[in-house]
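Examining the three-dimensional arrangement
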Amino acid sequence: MALKYILLTHLSTKAVNGATLVRTINALPYWQVNSQQVYTELKRMTSYGWISMSTTEHSYQPTERQYIVEKEGREALANWLGRKLAFPATRDELCAKLMASGSMDSSDVIHSHLLSGLHQTQQALNNILLYLENVAHDRQKASSAKLQCKQLQARIQWLNECIDETLEREVMIVPEVL
């Protein structure tokens, strides 16, 4: 839903081609896209009259399409900014697996999932910290990255607590050797 507004935001400063938009958005710590999503949304926004497309012929490469925001697109972006914010939906497969593991003897599998989740979350945090170093001068970009940092730090803490709990349960389950 918000992809069109993210695109409008990036297009509102200058004309940009689709490949540049994909790279720019994927460099953000809070949103990932693929080319098909971007080009589908660009086509849709062109039909709404929010953006226009111009082409540039080059002898050394295929025709380049660049997109720019029109007045209607700026109005749509302003309207979206003014709308009440919806709390993000949570869909976390790891949490679902943790819940399911309570009815099964699967501590080894869950422990493995927790370690994998911890590793992936630490990698994501490292990526955002690098991003923060590059955008420290831009308060708005830094602000959203800081939120992501705090969320990932909280998840790392939670994952460590879950790992500790699974290890404690394994110790309690191991029978005493006489």
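Residues numbered from 1 in each chain as written. Predicted model: local features only at pLDDT ≥ 70, side-chain atom pairs only at ≥ 80, totals over all residues. Heavy atoms only, no water.

- As annotated in an unreviewed UniProt entry, the chain carries the name Transcription regulator PadR N-terminal domain-containing protein and is attributed to Vibrio mediterranei.

1. Digging into the pattern of salt bridges
- Inspection of the entire model under this criterion finds four salt bridges.
- One salt bridge connects Arg 44 with Glu 41, and the closest N-O pair in it is separated by 3.0 Å. Placement of both Arg 44 and Glu 41 in helix α3 (residues 35-48) is noted, with a separation of three residues, approximately one turn of the helix.
- On the basis of relative accessible area, Glu 41 is assigned to the buried category, the value being 9%. (Salt bridge = Lys/Arg side-chain N within 4 Å of Asp/Glu carboxyl O. Helix = DSSP H or I, 4+ residues; strand = E, 2+ residues; numbered from the N terminus. Buried < 20%, exposed > 50% of the residue type's maximum accessible area, 1.4 Å probe, protein only.)

2. Points about the environment of Ile 163
- Looking at where Ile 163 falls in the secondary structure, it is placed in helix α7 (residues 139-173).
- Each C-alpha atom of the pair Ile 163 and Ser 112 lies 9.2 Å from the other, and the pair is 51 residues apart in sequence.
- If we ignore the near neighbours within four places in the chain, the residues touching Ile 163 are His 111, Leu 114, Leu 115 and Leu 118. (Contact = heavy atoms within 4.5 Å.)

3. Here's the deal with the environment of Leu 77
- For Leu 77, the location among the structural elements is in helix α4 (residues 71-82).
- Taking the relative accessible area as the measure of exposure, Leu 77 reaches 13% and is therefore buried.
- Separated by 65 residues in the primary sequence, Leu 77 and Ser 12 place their C-alpha atoms 9.5 Å from one another.
- In this view, Leu 77 contacts Tyr 5, Leu 8 and Thr 9; residues no more than four positions away in its chain are not counted.

4. Regarding a negative patch on the surface
- Residues Glu 161, Asp 164, Glu 165 and Glu 168 make up a contiguous surface patch of negative charge.
- By the element assignment, Asp 164 lies in helix α7.
- Residue classification places Asp 164 among the partly exposed residues on the basis of a relative accessible area of 44%. (Patch = residues over 30% accessible without salt bridge, like charges linked within 9 Å, V, L, I, M, F, W, Y side chains within 5 Å. Areas by Shrake-Rupley, 256 points an atom, 1.4 Å probe, with all protein chains shown as cover. Lys, Arg positive; Asp, Glu negative; His and termini not counted. Charge placed at Lys NZ, Arg CZ, Asp CG, Glu CD.)

5. Let's talk about the packing of helix α1 (residues 3-11) against helix α2 (residues 18-26)
- The geometry of α1 relative to α2 is characterised by a closest axis approach of 11 Å and an angle of 105° between their N-to-C directions. Viewed along their axes, α1 and α2 adopt a mutual orientation that is roughly perpendicular. Counted together, Leu 3, Ile 6, Leu 7, His 10 and Leu 11 of α1 and Leu 21, Thr 24 and Ile 25 of α2 form the full contact between these two elements.
- Tallied by class, residues from the contact of α1 with α2 come to six nonpolar, two polar and no charged. (Axes fitted to C-alpha atoms, helices over the stretch in contact; angles between N-to-C directions. Parallel < 35°, antiparallel > 145°, perpendicular 65-115°, else oblique. Nonpolar A, V, L, I, M, F, W, Y, C, P; charged D, E, K, R; others polar.)

6. Brief notes about α1
- Of all the nine residues making up α1, eight are buried; the element is thus mostly covered by neighbouring parts of the structure.
- What α1 keeps buried is the set Leu 3, Lys 4, Tyr 5, Ile 6, Leu 7, Leu 8, His 10 and Leu 11.
- The elements touched by buried residues of α1 are β1 (16-17), α2, α3, β2 (51-56), β3 (64-69) and α4.

7. Quick look at the nonpolar core
- In terms of nonpolar packing, the biggest core is built from 38 residues, with Leu 7, Leu 8, Leu 11, Leu 42, Met 45 and Ile 51 touching the most fellow members.
- Every element with two or more residues in this core is listed here: α1, α2, α3, β3, α4, α6 (107-135) and α7.
- When sequence neighbours within four positions are dropped, the list of residues in contact with Leu 8 reads Met 45, Trp 50, Ile 51, Val 69, Gly 73, Ala 76 and Leu 77. (Core = buried A, V, L, I, M, F, W, Y, C linked by side-chain atoms within 4.5 Å.)

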